[in-house]
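Each chain, written out:
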Amino acid sequence: MDQSIYSKKNLNRKYKLIKKINLTKDPIWELLRKVTIPASVGSLFQTFYNLVDTWFAGRISAEAIGAIAKSFPIYFTIIAVGVGIGAATNSMIGNSLGEKKERVASMYIAQSLIFALAISVLVTLFGLNASNFLLGVMGSDVAGIALTREYLDIIFYGTFIVMIQISLNGALNAQGDTKSYRNVLIFSFFLNIFLINLYIFYLNSFWNICFDPLFLARFICFCLILNLDF
């Protein structure tokens, strides 16, 4: 009996957003306002991650900012794959919730996480093995490739964080919740700025400045979004 009551309370807590935003009955313009504006703000702050790194690198040297700039096209392979996973997760879970199949929706969440983890391994292997060739195509010399790889490799090692994070966000979006992820991104953006300044003044290391704060901020963002879903 107690276990049944607990299960109902947990289910109501997990899907409370469906009561606040009814994606099948609420007016379309109201839904657009409630869903798209927070999602747009979140995407904006996600872009600011890289802008912060670029700005601080520009204060150090031209070589540093050049190395980061050349890493962006390769880094977008992670984003491209992640967008696909997020869209698929959103679609499958949203359809299941609309059909009142909460158990099926929970299964899709688990399957999406497993798929995201498996794909992240492939993307990491691709990035670590193809980066030299791709940077060479962009005109980098040996020294430039080595400099960019120091920044880029850490990003690829953290691919699993980005993929799982996007998968979990897809589950939230399917419920009409785009505010939670927006808030997490805004928090981790300012955390990234704080950590970069901390590394500049106390560690005085360029590559620690560039990737360690970003990696740590994304990991904290991942933990927060994980807590929101479960």
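Residues numbered from 1 in each chain as written. Predicted model: local features only at pLDDT ≥ 70, side-chain atom pairs only at ≥ 80, totals over all residues. Heavy atoms only, no water.

The biggest cluster of nonpolar side chains holds 20 residues, and the ones touching the most others in it are I78, V123, F156 and M163. Listed by contribution, the elements that provide at least two residues to this core are helix 4 (62-98), helix 5 (102-137), helix 6 (142-157) and helix 7 (159-174). Discounting residues that sit within four places of it in the chain, F156 has contacts with I74, T77, I78, V123, T124, G127, L128 and S131. (Core = buried A, V, L, I, M, F, W, Y, C linked by side-chain atoms within 4.5 Å. Buried < 20%, exposed > 50% of the residue type's maximum accessible area, 1.4 Å probe, protein only. Helix = DSSP H or I, 4+ residues; strand = E, 2+ residues; numbered from the N terminus. Contact = heavy atoms within 4.5 Å.)

Here K100, not a glycine, exhibits a phi torsion of approximately 65°, which is positive. Mapped onto the elements, K100 comes out in the loop between helix 4 and helix 5. Residue classification places K100 among the exposed residues on the basis of a relative accessible area of 63%.

With respect to the secondary-structure elements, S120 resides in helix 5. Apart from the residues within four sequence positions on either side, S120 is in contact with T159, F160 and M163.

A separate point is helix 6. Here helix 6 is 16 residues long and its end C-alpha atoms lie 22 Å apart, about the 22 Å a rise of 1.5 Å per residue gives. Considering bend angle alone, the principal kink of helix 6 is centred on R149 and spans about 35°. Turning to helix 6, its buried residues number three or more, namely I145, T148, R149, Y151, L152, D153, I155 and F156. (Expected span 1.5 Å × (residues − 1). Bend = angle between axes of the 7 residues up to and from the residue.)

Turning to the confidence of the model for the protein chain, a few remarks are in order. When pLDDT is averaged along the protein chain, the result is 77, and 77% of the positions lie at 70 or above. The least confident element of the protein chain is helix 1 (residues 2-14), whose mean pLDDT is 45; the most confident is helix 5, at 90. Ignoring residues within four places in sequence, the model shows residues 1-19, a span with pLDDT below 50, making 14 contacts including any to other chains. (pLDDT = per-residue confidence, 0-100.)

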